[in-house]
Amino acid sequence: MDLVSIRKSYRRYARHYDATFGRVFATGRHSAQKTLAPLNGKRVLEVGVGTGISFPEYPEGVDLVGIDVSREMLQVAQERINGGLPGVRGVAEMDAEALGFRDDSFDAVVGMYVASVVPNPDRMFAEMWRVCRPGGQILLVNHFASRQWLLRGVERSLRPLSRAVGFRPDMELDHFVHLTGCEPEAVEPASLFGYWKQVAFRKPA
């Protein structure tokens, strides 16, 4: 995985992403909102915001910023903002592994379906942790390698296609948690059958 292949993949997806993945990922987005609530008056960063498909689910009282490396995906997100989303401050083209924000800038930092996309998940998480305020939430929703042997085999067979499809299909949850160097506050299913999981962290106050 590298930024060139990621940008290339999501350039292809940009105009079709919502129609292709919108319903598939909807349960995870709803689950994230329940975990993050209440958000009124809080400053939130969404990393890997893509087309901004999650924006309408945030409450109006939130101060929301979104970042992504795909210019084409962000163009769709900006169109969504222009349609009327008062809680969204804006979006910016930015690498999740090198966030252009000061330390302790956000009350919550969210990454939905992005941990298996970035080249270095440990660097992404370190940046999310850095910009999160003490006592704040870091929340990730992502697919992790299945424990069911048949699905696990399929995921491993897709590994050589990671660069082409734009994501890592067989990332292990235990390995990801080890990379973060932190103990999750909770790990819960974020979809039917738990194919996607929600991993929540809390930065010590």
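Above: the structure in question.
In short, a report on the structure. (Residues numbered from 1 in each chain as written. Predicted model: local features only at pLDDT ≥ 70, side-chain atom pairs only at ≥ 80, totals over all residues. Heavy atoms only, no water.)

Strand order in the open sheet made by the seven strands is β3-β2-β1-β4-β5-β7-β6, with mixed pairing throughout. Single-partner strands in this sheet number two, and they are β3 (88-93) and β6 (186-189). In this sheet, neighbouring strand axes are inclined to one another by 15 degrees on average, regardless of whether the strands run parallel or antiparallel. Sheet topology note: the strand β2 (residues 63-68)/β3 ladder contains five bridges and is parallel. What sits directly across from Leu-64, in β3, is Val-88. (Pairing = 2+ DSSP bridges. Helix = DSSP H or I, 4+ residues; strand = E, 2+ residues; numbered from the N terminus. Axes fitted to C-alpha atoms, helices over the stretch in contact; angles between N-to-C directions.)

In this chain, Ala-37 is followed by Pro-38 through a cis amide linkage whose omega measures 0 degrees. Following the sequence through the fold, Pro-38 ends up in the loop between α3 (26-36) and β1 (43-47). In this structure, Tyr-113 is a non-glycine residue whose phi angle is positive, near 60 degrees. Given the relative accessible area of 13%, Tyr-113 is considered buried. (Buried < 20%, exposed > 50% of the residue type's maximum accessible area, 1.4 Å probe, protein only.)

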